[in-house]
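The lines below spell out each chain.
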Amino acid sequence: MLGWEGDSGAEQCAMRGSCGTKGWFGQQLPCPYDGPPVEPEDSKARDLLVSVCGAQFGEGPTCCTSGQGSFLNITDTQKTSSGDTAVKTVDFFVGEQFASGFFDSCKNVQVGATNGYAMDLIGGGAKTYSEFLKFLGDEKDLGSPFQINYPSSIPLDFTALDPTPRNCADNDLESRCTCIDCPTVCSALPYEPQINGPTCQFGTLSCLSFVLILAYSLCAVGFVFGYVLQATIRKRREKRYERMALSVDATSIRSPTLHPRGLVGAVSLPQGDANDSLGAQSTESRRLGRGASLLDPIEASQPRQYRLNTILRRVFYRLGLAAASSPFLTFSLVFTVIGLLNLGWQRFDIETDPVRLWVAPDSESKLQKEYFDEHFGPFYRPQQIFVTAPSSPPITIDPPPFTDTGISSQDPVLSYDHLRYWMDVESDIRSLQSSPNGYRLTDVCFKPAGPQGACVVQSVGAWFGNDFSHYDEESWKNRLVQCANSPVDCLPDFQQPLGPQYVLGGVPEDMPQRNSYLDAKALVVTYVVANSLDEAEIAKAVEWEQTLRAYLFDLSERIPSEAGMNIAFSTGVSLEEEISRSTNTDVRIVVLSYLAMFLYISLTLGNGSAAREEEGVMTSLSSWARNFPKLFKRSNITSSSVSDDSRDTPHILPRLPRHLFVDSKFTLGLLGIGLVILSVSSSVGFFSLVGVKTTLIIAEVIPFLVLAVGVDNVFILVHELDRQNSQHGPNASTIAPGGGYRTHRSPTPHRSPFESVHDESVDTASVPLYLSAEERVARTLAKMGPSILLSSVTETVAFGLGALVPMPAVRNFALYAAGSVFLNALLQVSVFVSALAIDLKRVETSRVDCFPCITWPSRIALRDAPMNTSGLGRVAPFIQRYYAPFLLRPVVKGAVLLTFAGFFVLSAISMQHIQLGLDQRLALPSDSYLNDYFDHLDVYLDVGPPVYFVSHDLDVTKRPGQQELCGRFTTCDEFSVANVLEAERKRPESSFISQPTASWIDDFLKWLDPAMETCCRVRKTNPSMFCTPRDSERLCQPCLYGKEPAWNITMVGLPEGEEFMRYLKQWLISPTDETCPLAGKASFGTALSLDDETGVVASHFRTSHSPLKSQDDFINSMAVARQIAAKISEFTGSQVFPYSLHYVFFDQYAHIVAITQEILGLGLAAVLVVTALLLGSWRTGTIVTGVVALTVMTVMGVMAVWGISLNAISLVNLVISIGIAVEFCAHVARAFMSAGSGLPADHPAGQKERDERMGAALVDVGPSVLSGITFTKLIGMSVLALTRSKLLEIYYFRMWLTLIISGALHGLVLLPVILSLAGGPGFAQQEADEEWMKDVTRGEEYP
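Rules and cut-offs
Residues numbered from 1 in each chain as written. Predicted model: local features only at pLDDT ≥ 70, side-chain atom pairs only at ≥ 80, totals over all residues. Heavy atoms only, no water. Helix = DSSP H or I, 4+ residues; strand = E, 2+ residues; numbered from the N terminus. Salt bridge = Lys/Arg side-chain N within 4 Å of Asp/Glu carboxyl O. Buried < 20%, exposed > 50% of the residue type's maximum accessible area, 1.4 Å probe, protein only. Disulfide = S-S within 2.5 Å. Pairing = 2+ DSSP bridges. Axes fitted to C-alpha atoms, helices over the stretch in contact; angles between N-to-C directions. Core = buried A, V, L, I, M, F, W, Y, C linked by side-chain atoms within 4.5 Å. Contact = heavy atoms within 4.5 Å. Patch = residues over 30% accessible without salt bridge, like charges linked within 9 Å, V, L, I, M, F, W, Y side chains within 5 Å. Areas by Shrake-Rupley, 256 points an atom, 1.4 Å probe, with all protein chains shown as cover. Lys, Arg positive; Asp, Glu negative; His and termini not counted. Charge placed at Lys NZ, Arg CZ, Asp CG, Glu CD.

**Some thoughts on the environment of C63**
Inspection of the secondary structure puts C63 in the loop between α1 (43–53) and β3 (72–79). Residues C63 and P37, 26 residues apart in the sequence, show an inter-C-alpha distance of 5.3 Å.

Set out below in structure tokens:
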């Protein structure tokens, strides 16, 4: 308005001077005056006029604005307390150009101390210039003392005030606005925050996905084309052969030998019944072993051997013989060591602190949190309550949390009765006393103004002065709307403006009326409790919080009936208590899952035991029921009519099958399970002893893992012992099951029963070799020990390498898993082997399982009774007869490769969409009250968490340092901390910053402005002494009054060095109140860390994130904040880092992708090295490693589809998947390598030989892998499907089910196909030649 000239009436004034106040208190009212301008009364009035209206009013008569009478019209007057006539109402005629420019110049001005805008303070949050002018003109205690109206129509005798408004981007540095308050001054930031995402896109697909799909499509088309071409060529050859055959005289064709087409290597696979051996080989091939049917006997007479394998077999043979011969000595020694290891339980401790669990000790986020806590104090402990009216239907999160329908059905919560009731609740909370020490809210709350100040309680009650008695059913609405629109007019007792977004939730956004706050659907109440590094202070806070939690629990039950409202709440102790309580959630389901697996293992062991075929249980019961009535009939039967079949003889009790009681291995199964428990217990004891804490994940997952791995080995040992019994036991058959060859007599102390009969007619080559129980157990371990070693060492090394990961939860899990697997393997090859020998002797003496003191009577065996001597159980015949021949067909192999290649492509595409994070609701019990709280938090809290940008290692006592921080002075650096944060606030969709920054240095330097007469003051007589707020104005003057050069917006004349620190220390203790809102005590009392030697050690700039609703939002907000801090550090040269309360919990996601790649890469590398070394073939080791990697990839692919996020829990499961996949693959691979004759891969018969080896391997270990791990875990997982816990369902049931199915498919379908095509050359199956076997295992030379 400066410099404006009116028309003919320009020099008339409308009012001037002061005519008193309206009452005893209040502001001075101007006097009506219709006359020319006059000189001011004194120099003080002239100075005030110049400071407000401009330098051009420094002399001459004036009424502040030239031509005042042409745009001001006094429409009403009033009498003051002194009896004078004063202005009551004025019409102010303003042109649109000036009004709009005036509003635009103010709308972006910020108030750092409140993290808000000046428009919220001086304009009532106005959104248009009309609202702004109306707010300025309304009569109010803290505004205009009289009513000023701004009519839109102008009378003919008046002219609107419409000068050209000043541009905030004026070229004059002394008058233009800064970047923070004037966006047109700001320079565009030279970077854009990057949120993780694919950098290369091809339409809606990433480039990687497009390339994979294209490559797979080409391969699929090539495969189909090749198959059709091959089939066509084959048909043509067959037709040509038929024509040639017909052209030849029939007499010249005598039984042509036509080799069957179809299965490659079919000669080695079964074509007979299930009791046939693997293939019908020639006599020579039987002598040479499996896989030799196509070889020249001379060529294969010296099979290729692997020295390490021979050494391992010898070692395991001796170990097995020792354990089987001295079982109780073995028990004593091993259990003594186990007992010593379990002594470590005395130092057992569970880590529950999330920070120490998921964040590495040297993590950037953890170090930054510790730095922040040390220099500024730990973040507050918020206690938050959401108050809502009942809704219909109730709010639910399934599916998804709070749908729009749920929100719209929520009734508004604000009413007179609701507010009156809630005010009483808040009064009760203020008077709560904790037990036993009687702490109140005032003892533990955060007080920004100091110990004598008020507590920070963010509640709508603060707008009413925490007293609702002065309002009726109508006046409360006006008060609430007024306070929501202008928080500065309703300051709470802690003297900080309380915006509506902090205390009201669910305010309708589609209602343009400014009273839409009355339709808010939730009250948001936050009690801020002080936090501390002092344990005693924390204990006080925890005690009061527990009292508050108990009160709110009781309130939540009675408030619906008493007031028709609901509450959802969280206290400072809630989260930790509820997470701890979650360990007991669904414990019955977990226990039931274990019991189901235990029962299955105990009942299925020994099903393949060699025995004569017997009636089943149902058949026995049927026969008993049929013959039972014969007991009561008179016997008139002659001796000649008596039946020889004992099954027709009546008995008082049914004669159940022998195998049900004797051949059962229930006790052995329980022992295997007990060894699993002992291995886990010993691992926990050992690592507790060395100071490694356990975690809840370890307690839940390790037993599942070790059970899956260990049970597989138990089944393999038991099944192999069954095969040894069928070959060398008391009921051994003449035909050995391994390959259809006759066993050879060997000079051994264990003589065959036939040797007692000196019958020369008996073919000694057909007499089975009888071995003692100890010898059979030793041979079992000699054969399967290296396989167990392979899987156990691979898993132990893979898990052990996981300890290199810095995340404590994953590192500790890896250590416990490696220790448990290793100890379980040791127990199995020692204790379990001894138990096998004892159990074998029990069976051969017909003693009852579980009750060995009872001997089961034996029936008379008929000479022609068939013997079940295959030792293959029920699964092996199916594999031998159907599965292996089908799988090893060339066409099926191609289809398998194509199918799994498709799985690989789909998994690679799906993996790119795996989400990061872990919704904390999943970790809570299903009935936790916090679930309801988090649901309300997502919907009703309209502000994001505060974020602090901490600057350190910067000398702010010098001008360059100040300019690197400030933003409200024209000479601040273009990309200073304040300017960059303001620029980022203007793009919240990418920066996640939504609030103005609280810049301490700008408020401090503004506090020094002499124009702020009530702020920084010193004694006139002694400028080195600061004035207190109570000191009289006549004794004090502004701090920089009369200083040359004077204070100005260009920062010239502002203090530096020691003077800067002197004023800064005073500013930090100056109370923040209405007389000086720029004082720093309340707003910035904890924003600086000072040191007597270095001055300002560190300081922070406070702002807020935009509301964060999802895990992605939390993760991305942290990532972007770090990018912004890095850019600020680059621009200014100072060290800046961001800190927010959630950063330390989400820090794992900044590194989890790299950690996942590292730990899986190390695990696969370990698999490659160990398998290649122990299998004796890099080719086979590479194939096994590749199949393991594909298994893990499939699991990761399903994660994205099934809603399983990547976090520490799923990462642990991915590590487990390596071990489980190795278990599926290792035994098959070793059986494949041990079934060959060493034929080179490029040999013409190499393909047939590999097919034969693969078929033998599947029959050999396939049943054990299926029974031992697949079915066992599927049963356990099926029980877990009953859980009500989302955490168990998503991260255990879903992920483990995927893992088991994927592992079984890859290990029993894909791996056999690849090995049959490209597996490495195998080594001789040593037990094919019994003499050779005996010589090797006893360390003798063989020819």
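Okay, back to it.
**A word on the pattern of salt bridges**
All chains considered together, the criterion is met by 36 salt bridges. One salt bridge in this structure joins D1260 and R723, with 3.3 Å as the shortest N-O distance. Residue D1260 is found in helix α39 (residues 1246–1280), and its partner R723 is found in helix α22 (residues 696–728); the two are separated by 537 residues along the sequence. In terms of burial, D1260 and R723 fall into one category: buried. Between R959 and E1056 there is a salt bridge, with its nearest N and O atoms 3.5 Å apart. Of this pair, R959 sits in helix α28 (residues 959–965) while E1056 sits in the loop between β21 (1036–1038) and α32 (1057–1069), placing them 97 residues apart in sequence.

**Examining the state of the cysteines**
By the definition in use, this model includes seven disulfides. For C483, the disulfide goes to C490, at an S-S distance of 1.9 Å. Here the S-S torsion is close to -85°, and the disulfide linking C483 with C490 is therefore left-handed.

**Remarks on the sheet that holds β3**
If you walk across this open sheet you meet the three strands as β3-β4-β7, and the pairing is mixed. Each end of this open sheet is capped by a strand with a single partner; those strands are β3 and β7 (147–149). The average angle at which neighbouring strand axes cross in this sheet is 25°, direction not considered.

**Here's the deal with the nonpolar core**
F813, W1000, W1007 and L1064 are the most contacted members of the largest nonpolar core, which totals 205 residues. When residues of this core are assigned to their parent elements, the largest contribution, 19 residues, is made by helix α38 (residues 1208–1233). Excluding residues that lie within four positions of it along the chain, F813 makes contacts with I698, V701, I702, L705, V1212, V1215 and I1216. W422, Y929, F934 and Y940 belong to the second-largest nonpolar core, a separate cluster that totals 69 residues.

**Quick notes on a positive patch on the surface**
On the surface, R234, K235, R236, R237, K239 and R240 cluster together to form a positively charged patch. Summarising the element assignment, R237 is placed in helix α5 (residues 207–246).

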